[in-house]
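# Inside the fold
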Amino acid sequence: MTETMITIPNLVETVGMLAGLLTTTAFRPQAFKFRHGKPARGVSLMMFACFCTGIALNVINGFMPGAFPVILANVLTLCIAAAILVFKTRYG
């Protein structure tokens, strides 16, 4: 095996980081929309409360095996989703 080949652990970490990047950035447009005072009528309060709880549990789950990509992605996603939850309760 040469040094230029992608190893399985590197592939797993790369896929994890890419998944985290995509799931985290998916919420940014919604958060920016609400941040600028747009109505939050189209967002389900219960869905975001459940989602934030699930992400928080994923953060805890990421610490168990020490999975840095899981921890980082879920902390960032939780921050964005929690901001949307706050905007929903404030402007919804």
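So, a few notes on the structure that sits alongside this text. All of these numbers come straight from a predicted model, not from anything done at the bench. (Residues numbered from 1 in each chain as written. Predicted model: local features only at pLDDT ≥ 70, side-chain atom pairs only at ≥ 80, totals over all residues. Heavy atoms only, no water.)

All right, on to the environment of Leu76 then. Positionally, Leu76 belongs in helix H4 (residues 68–91). For the pair formed by Leu76 and Thr24, sequence separation is 52 residues and the distance between their alpha carbons is 6.4 Å. (Helix = DSSP H or I, 4+ residues; strand = E, 2+ residues; numbered from the N terminus.)

In this structure, Phe27, Ala31, Phe34, Val43, Phe48, Cys52, Ile80, Ala81, Ile84 and Phe87 together form the largest nonpolar core, which totals ten residues. Broken down by secondary-structure element, the contributors of at least two residues to this core are helix H2 (28–35), helix H3 (45–63) and H4. With four residues, the single largest contributor to this core is H4. Excluding its chain neighbours within four sequence positions, the residues that come into contact with Ala31 are Ile80, Ile84 and Phe87. (Core = buried A, V, L, I, M, F, W, Y, C linked by side-chain atoms within 4.5 Å. Buried < 20%, exposed > 50% of the residue type's maximum accessible area, 1.4 Å probe, protein only. Contact = heavy atoms within 4.5 Å.)

Where H2 meets H4, the axes come as close as 9 Å, and the angle between the chain directions of the two elements is 35°. For H2 against H4, the interelement crossing comes out left-handed. When H2 is examined against H4, the residues Arg28, Gln30, Ala31, Phe34 and Arg35 are found in contact with a partner set consisting of Ile80, Ile84, Phe87 and Tyr91. In the contact of H2 with H4, the residues fall into six nonpolar, one polar and two charged. (Axes fitted to C-alpha atoms, helices over the stretch in contact; angles between N-to-C directions. Left-handed = near helix turned anticlockwise from the far one by under 90°. Nonpolar A, V, L, I, M, F, W, Y, C, P; charged D, E, K, R; others polar.)

The next subject is the environment of Ala49. Along the chain, the position of Ala49 falls in helix H3. In sequence terms Ala49 and Ala82 are 33 residues apart; their C-alpha atoms lie 8.2 Å from each other.

Attention now moves to the state of the cysteines. What the rule picks out here adds up to zero disulfides. Cys50 takes part in no disulfide bond, and the closest cysteine sulfur, belonging to Cys52, lies 9.6 Å away. Overall, Cys50 belongs to the partly exposed group, its relative accessible area being 48%. (Disulfide = S-S within 2.5 Å.)

Within the secondary structure layout, Tyr91 lies in helix H4. Overall, Tyr91 belongs to the partly exposed group, its relative accessible area being 35%. On a C-alpha basis, the gap between Tyr91 and Gly37 in space is 7.2 Å, while along the polypeptide they are 54 residues apart.

A separate point is H3. Taking 1.5 Å per residue, 19 residues should reach 27 Å; H3 reaches 28 Å between its end C-alpha atoms and fits that length. Of the surrounding elements, those touching the buried residues of H3 are H4. (Expected span 1.5 Å × (residues − 1).)

Spatial relationships are all this shows, so hold off on functional conclusions.
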